[in-house]
Amino acid sequence: MDNKTIFSHVDHTLLAPTATWSQIQTLCDEAITYGVASVCIPPSYVNRTANQHGDNLTVCTVVGFPLGYAKTEAKVRETELAIHEGAKEIDMVVNQGDVKNGDFSLVTAEITALKQACGDNILKVIIETCNLTDDEKIKLCHCITEGGADYIKTSTGFGSAGATPEDIALFKAHIGPKVKIKAAGGIRTREDMVRYIEQGCDRLGTSSAVKILSGVTGTGY
């Protein structure tokens, strides 16, 4: 698998709370140079990024990030504002309290509401696998399918662990046919990237793609 193919699956990511506009601009310049799938950036930078680079790249941002426990109404408003300002893809975090309470109908309803707010734009659902049992992961596969989201995503990158091949295999066995997979967190080598793509991941979330594919070990995200 050549680097161009790998880059085409990458959501080139910078979500550090201290990220500066200069760093976001560098991220965007790299994204355009290497032909990544999107840039995933903090909501506060969506408008400027879309205005400056929207014709040349796809802007992705996060909602309810990184903990997921904001009220659904707040997440919907975040989504609407991000779309209005130029985001084409939204990575939302599920309410993990609802998951732990077994309130999966609430999770599905929230996903449905955010997908409605997204319209034709892409919605990815972050479930933070490191905090979940396999049974909870399976139930969330069903919630995401029923809620009409476009992707299931492993991790925020702010949890205790990230993507694993075992979780990707579990997703593949339980998501609906229209749901795609995004692996994020702990992607540190070219071999990791190739493995996840070959395993069936359509997207990879990483801040280190350029370093990794230049032969330098990445830090993951």
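Residues numbered from 1 in each chain as written. Predicted model: local features only at pLDDT ≥ 70, side-chain atom pairs only at ≥ 80, totals over all residues. Heavy atoms only, no water.

Student: For this particular structure, what's the right way to read the overall build of the chain?
Tutor: Assigned secondary structure in the chain consists of 10 helices and eight strands. Seen through its C-alpha atoms, the chain measures out along the principal axes to roughly 45 × 35 × 30 Å. When burial is assessed residue by residue, the chain has 53% of its 221 residues classed as buried. Taking contacts inside the chain between residues at least 6 apart in sequence as the whole, the part at least 24 apart equals 68%. (Helix = DSSP H or I, 4+ residues; strand = E, 2+ residues; numbered from the N terminus. Buried < 20%, exposed > 50% of the residue type's maximum accessible area, 1.4 Å probe, protein only. Contact = heavy atoms within 4.5 Å.)

Student: Looking at this structure, how should I read the pattern of salt bridges?
Tutor: Side-chain pairs of opposite charge can arise where the charged atoms are in close proximity. Evaluated as defined, the whole model comprises 17 salt bridges. Ionic pairing is found between Glu110 and Lys75, a salt bridge with its closest N-O pair at 2.7 Å. Placement of Glu110 in helix H6 (residues 104-118) and of Lys75 in helix H4 (residues 72-84) is noted, with a sequence separation of 35 residues between them. Under the relative-accessibility criterion, Glu110 is labelled buried at 4%. (Salt bridge = Lys/Arg side-chain N within 4 Å of Asp/Glu carboxyl O.)

Student: Help me out: how do you make sense of the packing of helix H2 (residues 21-34) against helix H3 (residues 46-53) in this one?
Tutor: The angle between the axes and the distance between the axes are what describe a pair of packed helices. One way to put it is that H2 packs onto H3 with a least axis distance of 11 Å and a crossing angle of 40°. When the axes of H2 and H3 are compared, the pair comes out oblique. Helix-helix and strand crossings are classified by hand; for H2 and H3 the assignment is right-handed. Contact residues: Trp21, Ile24, Gln25, Cys28, Asp29 and Ile32 in H2; Arg48, Thr49, Gln52 and His53 in H3. Residues that form the contact of H2 with H3 fall into these classes: four nonpolar, four polar and two charged. (Axes fitted to C-alpha atoms, helices over the stretch in contact; angles between N-to-C directions. Parallel < 35°, antiparallel > 145°, perpendicular 65-115°, else oblique. Left-handed = near helix turned anticlockwise from the far one by under 90°. Nonpolar A, V, L, I, M, F, W, Y, C, P; charged D, E, K, R; others polar.)

Student: I keep staring at the pairing of strand E4 (residues 89-93) and nothing clicks. Help me out?
Tutor: Working note: regular strand, side chains alternate between the two faces of the sheet. With five of its five residues buried, E4 lies for the most part within the structure. Burial along E4 is two-sided: the face carrying Glu89, Asp91 and Val93 and the face carrying Ile90 and Met92 are both buried. Here strand E3 (residues 59-63) pairs with E4 via four bridges, running parallel. What sits directly across from Cys60, in E4, is Glu89. Crossover connection from E3 via H4 to parallel E4: handedness right-handed. Taken together, the five bridges between E4 and strand E5 (residues 122-126) define a ladder with parallel strand orientation. (Pairing = 2+ DSSP bridges. Right-handed = clockwise from strand over helix to strand, strands pointing away.)

Student: Teacher, can you tell me more about H3 here?
Tutor: Each turn of an α-helix holds 3.6 residues, which means side chains three or four residues apart point in the same direction. Listed as buried for H3 are Val46, Thr49, Ala50 and His53. Mapping the buried residues of H3 onto a view down its axis gives an arc of 100°, with all of them on the same face. In this structure, the buried residues of H3 make contact with H2, strand E2 (38-41), E3 and H4. (Arc of directions from axis to C-beta.)

Student: I keep staring at unusual backbone geometry and nothing clicks. Help me out?
Tutor: Among all residues save glycine, negative phi is the norm, and among peptide bonds the norm is trans. Here the bond from Phe65 into Pro66 is cis, since omega is 0°, no more than 30 degrees from zero. With a phi close to 55°, Glu128 is a non-glycine residue in the positive phi region. Of note, Glu128 is situated in the loop between E5 and helix H7 (134-147). Residue Glu128 is classed as buried on the basis of its relative accessible area of 4%.

Student: Would you explain the sheet that holds strand E7 (residues 180-184) in this entry?
Tutor: Pairing between the strands of a sheet comes from backbone hydrogen bonds, and it takes one of two forms, parallel or antiparallel. A barrel is described by the order of its strands in space; here eight strands give the closed sequence E1-E2-E3-E4-E5-E6-E7-E8, paired in parallel fashion. In this sheet, neighbouring strand axes are inclined to one another by 25° on average, regardless of whether the strands run parallel or antiparallel. Here three bridges tie E7 to strand E8 (residues 203-206), and the two strands are oriented parallel to one another. Paired with Ala184 across the bridge in E8 is Gly205. Contacts from H4 reach E3 and E4, with the element oriented near 165° to E3.

Student: Sorry, what's going on with the layout of surface pockets here?
Tutor: If you roll a probe as big as a water molecule over the atoms, it shows you where there is empty space left. In this structure, the largest pocket spans a volume of roughly 270 Å³. Lining of the largest pocket is provided by 13 residues; of these, His12, Leu27, Glu30, Ser207 and Lys211 occupy positions nearest its centre. Contributions of two or more residues to the lining of the largest pocket are made by strand E1 (10-13), H2 and helix H10 (209-213). With four residues, H2 is the single largest residue contributor to the lining of the largest pocket. For the lining of the largest pocket, the class distribution of residues is four nonpolar, seven polar and two charged. (1 Å grid on protein atoms, 1.4 Å probe; cavity = no way out; pocket = protein on both sides within 12 Å on 5 of 7 lines; lining within 4 Å. Points joined across faces, edges and corners; volume = space filled by probe spheres on them.)

Shape descriptors only; they carry no functional weight alone.
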